[in-house]
Amino acid sequence: MKVKENGMSLIALVVTIIVLILLAGVTISNIRNDSGLFNESLEARDEKIASEENEAIQWAAAQAVADDSNKTGQIIDKGQIAEKLDKYIGNQNEDMEYQIFGPEEEYKGTMIISDTYVVEFSKSGNSYIIDGSGNVRRDETGDKVASRDGVLIKPASTSINIGSELTLNILANTNDYKVTCSDESVLQVKKDLSGNIKVTNNTITVKGLKLGKATIVVETSKEKRAISYITVHQEPTSIELSATSEILDISSVIKSLQIKPTIYPSTANYKTGITWTSSNNDVAVVDSNGFVTGISNGEVTITATTENGRAATWKVVVISTPLEISLDSENLVLDINGVNTHQYATTIYPSTANASIGLRWEIESSSSPNVISISSNGVVTGLSNGTATVRVTTENNKTATGFVTVQTSPIGIQLNKNNVTLDLTANPKSIQLTSTILPSTANVQNVVKWSSSNSSIASVGNDGTVIGVSNGTAVITATTQNGKTTKCNVKVQTSPVSLSLNKAKTTLNMTGTKTTKLYPVYDPKTSNVNTKLTWKSSDTSVATVDQDGNVTAKKNGTTVITATTQNNKSATCIVTVETLITGIRLNKEYETIESLELNKQTFQLVATLTPSTSTEGIIWTSSNSNVAVVNQDGLVIIKGAGKVTITVKSSSGTHSASCVITAVQLYAIVFDAQGGSVNPTSYTLKAGDKCTLPQASASGYVFQYWEYNGTHYSANTIFTMPAANVHMKGYWAQEGGGGGDGGC
């Protein structure tokens, strides 16, 4: 620190004190003994030095904590303290020379583990302890630093690659601490079976998972902590090069090309710097940005290498382009039937140019499309009659042209068909023959003449259209002007346009006629081809048909017999096979039905047919629909009382069976004892049936009579049931003569 200049200096103060003592008669010997004033002045000096040291340390510690660049509110390292302390002391006071000890450094034989710093002044020998929060105290015994609870983690700040592991060392003077990770999605920490971060021999192992930052915090039970700041980065795994070309032309205006690197993965952010090298700087050189500059003709390999040794190469061919080019033929004639191709030869100036690289052949002009073709190596081929101009161009746009004429003469003729069949019933009844001059590019003597060997069978027009006239064969000939001929054989015939059978429907009886014969009828009758028939039954289990049209019944049912010509004309006949009924029997011949609700009653009749395979239909009838009706399933529905005959007969009426049904209406007689008891309480009877009226009883009452429709009936009276339901009401008298008629 800067020493204050106002007031007396220490030496002046001492001299003044001695003079005053002498004046007072005090001897020097008294001053020098242990209890003298001189010794007291030395102690005062020491205390003043300690006060100045303490003031400097307090100021430096406070400034280090409050530093704008320090966002933690803690002293980060001893450099912060030294910077602030030097600023306070300045360069004028040599009495304030000091030395600073920090974490992981030995002080008085003991390593400092806690977040503690010790400032030791060289001249006074005084030591001051500063903790991480900037608190200052004087170290009087020398052992307070060693006894402080603290923890360190090494390294305190580092960076690792994704997928790499790192071991962190923990220094602590206590085993009572815990370890935490701020972001385990960035940094994976090995854990024990309980899920706690595993610490082995005061070390922990971490592994980078993804790009980011995380902190490992070690905190003691006394809330002392150490932090390791870890950044997870991605180093390049590979590098790839690309460029617009592998060829560098030193004759062009632009004598360089740029090779662009792509580093993988795209997330790489560490050691991504690239060093560029050329395999031959005499051919080409490359700068730090991947720009390659050609020096002379040749091949060179450019290599790009990342800081972590990943490399990729790009081959560059350095050329010099031509200044002039010429062709071996400026006027060329090609004959498609003779010499039809030509390999152009080129002469390039200067001779030292790369003559074989980058020649571009093209058709500059043509009298019509596809007169010639030109290959990439200068082979010209005639395609059709006409003229064209060929142009060859070097990579640096030096050109030469050649004129080409293409011509063709016929060598033959052919037809689109050599054998033709015309059907007089087909549509159309003609065919178009097309001639082709060989080659197709022939441009002389290419007019064709057509002729028929027999115009009464087939005629031919000037355009090659052949028309069938009558059944038979003829030869059509096409002839060019120079006598080249070709022929077509023509056959004229007639096919059926439709087919019918002598029967459209027929019925066969399993007990009667079981077979029939079907005959075809063709249209037109003059059909002479495709007349062979294929016969088929849709259900051979019902009836079969042979290939002569003979149909044979097999069992009851229906099948379709189909006849088909060779040209797929068809006709059908529906064949029904049946079995007639020879006898009918019903499950009942007589039946009586009695019911209170007669019109709700039904009765099922079942008809048994002989034979059981009969397919003939049956008809059900009722003789009296007021008594009962019957449906066609034999279900009898009662309509009213009386007798009715239900009859079932075959469709042909040759066989029948009947059932006589008597329907009887029942009526109910109900006894209402009006509070008493009676047994039975009712009867169910037919009209005209007789019954004995029951005796009713009730405690304290005497039964008098039954009453119905105003008539009184005594108990045990014989009653004749009317054709209606009866409601009998009982009447009573009290025992002992009390009361009158009525209920009890």
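The following paragraphs examine the structure supplied in this document. Only a predicted model underlies this, so the values are computations on that prediction, with no experimental measurement involved.

Notes on the overall build of the protein chain
Item 1. Across its full length, the protein chain holds 5 helices and 67 strands.
Item 2. Against the 2.2 N^0.38 benchmark of 27 Å for 744 residues, the protein chain shows a C-alpha radius of gyration of 66 Å, more extended than a compact globule.
Item 3. Along the first, second and third principal axes, the C-alpha atoms of the protein chain reach 180 × 150 × 40 Å.
Item 4. For the protein chain, buried positions account for 35% of its 744 residues.
Item 5. Put simply, 56% of the contacts in the protein chain that link residues at least 6 apart link residues at least 24 apart.
Item 6. A total accessible area of about 40,300 Å² is found for the protein chain, and carbon and sulfur atoms account for 47% of it.
Item 7. Across the protein chain, 59 positive and 67 negative side-chain charges occur, with their mean positions spaced 16 Å apart.

Quick notes on the packing of aromatic side chains
Item 1. Taken as a whole and judged by the stated rule, the model has 12 aromatic pairs.
Item 2. When the centroid spacing of 5.7 Å and the interplanar angle of 90° are considered together, the rings of phenylalanine 671 and tyrosine 683 count as edge-to-face. Of this pair, phenylalanine 671 sits in strand β59 (residues 656–672) while tyrosine 683 sits in strand β61 (residues 682–686), and the two are 12 residues apart along the sequence.
Item 3. A residue is classified by how much of its surface remains accessible, and tyrosine 683, at 25% relative accessible area, is partly exposed.
Item 4. For the pair tyrosine 705 and tyrosine 731, a centre-to-centre distance of 5.1 Å together with 25° between the ring planes defines the contact as stacked.

Quick notes on the environment of aspartate 523
Item 1. One can find aspartate 523 in strand β45 (residues 520–523).
Item 2. On the basis of relative accessible area, aspartate 523 is assigned to the partly exposed category, the value being 40%.
Item 3. Separated by 26 residues in sequence, aspartate 523 and valine 497 have C-alpha atoms that sit 5.8 Å apart.
Item 4. Every residue in contact with aspartate 523, bar those within four places of it in the chain, is listed here: Pro496, Val497 and Ser498.

What about unusual backbone geometry?
Item 1. Residue tyrosine 264 is joined to proline 265 through a cis peptide bond whose omega torsion reads -5°.
Item 2. Tracing the chain through its elements places proline 265 in the loop between β18 (260–264) and β19 (274–278).
Item 3. Here the bond from aspartate 523 into proline 524 is cis, since omega is 0°, no more than 30 degrees from zero.
Item 4. Examined against the element boundaries, proline 524 turns out to sit in the loop between β45 and β46 (534–537).
Item 5. Of note, the phi angle at asparagine 202 is positive, near 60°, even though the residue is not glycine.
Item 6. For asparagine 202, the position within the fold is in the loop between β11 (187–189) and β12 (203–208).
Item 7. Judged by its relative accessible area of 34%, asparagine 202 is partly exposed.
Item 8. In this model, asparagine 370 sits at a positive phi of 60°, which is unusual for a non-glycine residue.
Item 9. Relative to the helices and strands, asparagine 370 resides in the loop between β28 (360–366) and β29 (372–374).

Some words on the pattern of salt bridges
Item 1. In total, this model carries 11 salt bridges according to the counting rule given.
Item 2. Residue aspartate 46 pairs with arginine 45 through a salt bridge whose shortest N-O separation is 3.1 Å.
Item 3. Under the relative-accessibility criterion, aspartate 46 is labelled partly exposed at 39%.
Item 4. The partner of lysine 48 in a salt bridge is glutamate 52, with the nearest N and O atoms 2.6 Å apart. A residue pair is termed a helical-turn pair when its members lie 3 or 4 positions apart in one helix, as lysine 48 and glutamate 52 do in helix α3 (residues 37–65) at 4 residues.
Item 5. Note on lysine 48: relative accessible area 48%, which makes it partly exposed.
Item 6. A residue is classified by how much of its surface remains accessible, and glutamate 52, at 13% relative accessible area, is buried.
Item 7. Several salt bridges share partner residues, and in doing so they unite Glu362, Glu364 and Arg391 into one network.

With respect to helix α4 (residues 78–89)
Item 1. Over its 12 residues, α4 extends 16 Å from the first C-alpha to the last, a length consistent with the 16 Å expected when each residue adds 1.5 Å.
Item 2. All of the buried residues in α4 are Gln80, Ile81, Ala82, Lys84, Leu85, Tyr88 and Ile89.
Item 3. The N-cap residue of α4 is aspartate 77: its side-chain oxygen and the backbone nitrogen of glycine 79 are 3.0 Å apart.

Considering the environment of serine 652
Item 1. With respect to the helices and strands, the residue serine 652 is situated in the loop between β58 (642–650) and β59.
Item 2. Separated by 407 residues in sequence, serine 652 and serine 245 have C-alpha atoms that sit 101 Å apart.

Quick look at the pairing of β12
Item 1. Both strand β9 (residues 165–172) and β12 contribute to a ladder of 5 bridges, which runs antiparallel. Bridge pairing links leucine 168 to isoleucine 204 in β12.
Item 2. As defined by bridge partners, β11 adjoins β12 across 3 bridges and the pair is classed as antiparallel. Looking at the pairing, valine 189 lines up with valine 206 of β12.

A few points about the sheet that holds strand β57 (residues 635–638)
Item 1. Spatially, 3 strands are ordered β53-β57-β56 in an open sheet, and the strand pairing comes out antiparallel. Each having just a single partner strand, β53 (602–604) and β56 (628–630) make up the two edges of the open sheet. The sheet shows a mean angle of 20° between the axes of neighbouring strands, taken without regard to direction.
Item 2. Relative to β57, β53 runs antiparallel, the two being bridged by 3 bridges. Looking at the pairing, glutamine 604 lines up with leucine 635 of β57.

Comments concerning the nonpolar core
Item 1. Counting 21 residues, the largest nonpolar core has Leu168, Ile170, Val179, Leu187, Val206, Ile216 and Ile230 as its most contacted members.
Item 2. Counting residues per element, the ones that place at least two in this core are β7 (151–154), β9, β10 (177–181), β11, β12, β13 (212–220) and β14 (225–233).

A word on the sheet that holds strand β21 (residues 291–294)
Item 1. With antiparallel pairing, the 3 strands of this open sheet are ordered in space as β17-β21-β20. Two strands in the sheet have a free side with no partner beyond their single neighbour: β17 (256–258) and β20 (284–286). Taking each pair of neighbouring strands and ignoring which way they run, the sheet shows an average axis angle of 20°.
Item 2. Where β17 lies against β21, 3 bridges are found, and the strand directions are antiparallel. In the strand pairing of β21, glutamine 258 is matched with phenylalanine 291.

Things to note about the side chain of asparagine 161
Item 1. Its location among the elements puts asparagine 161 in strand β8 (residues 157–161).
Item 2. The class for asparagine 161 is buried, based on a relative accessible area of 16%.
Item 3. Ignoring sequence-local partners within four residues, the contact set of asparagine 161 consists of Gly208, His233, Gln234 and Glu235.

Overview of the pairing of strand β67 (residues 726–734)
Item 1. Across 4 bridges, the pairing between β59 and β67 is parallel. Considered in β67, the bridge of valine 670 is made with histidine 727.
Item 2. Both strand β64 (residues 701–708) and β67 contribute to a ladder of 6 bridges, which runs antiparallel. Bridging from a neighbouring strand, tryptophan 706 pairs with glycine 730 of β67.

Cut-offs used in this document
Residues numbered from 1 in each chain as written. Predicted model: local features only at pLDDT ≥ 70, side-chain atom pairs only at ≥ 80, totals over all residues. Heavy atoms only, no water. Helix = DSSP H or I, 4+ residues; strand = E, 2+ residues; numbered from the N terminus. Rg over C-alpha atoms; globule rule 2.2 N^0.38 Å. Buried < 20%, exposed > 50% of the residue type's maximum accessible area, 1.4 Å probe, protein only. Contact = heavy atoms within 4.5 Å. Areas by Shrake-Rupley, 256 points an atom, 1.4 Å probe, with all protein chains shown as cover. Lys, Arg positive; Asp, Glu negative; His and termini not counted. Charge placed at Lys NZ, Arg CZ, Asp CG, Glu CD. Phe/Tyr/Trp six-rings, centres within 6.5 Å; stacked < 30°, edge-to-face > 60°. Salt bridge = Lys/Arg side-chain N within 4 Å of Asp/Glu carboxyl O. Expected span 1.5 Å × (residues − 1). Polar contact = N/O pair within 3.5 Å; in protein donor to acceptor, adjacent residues only side chain to side chain. Pairing = 2+ DSSP bridges. Axes fitted to C-alpha atoms, helices over the stretch in contact; angles between N-to-C directions. Core = buried A, V, L, I, M, F, W, Y, C linked by side-chain atoms within 4.5 Å.

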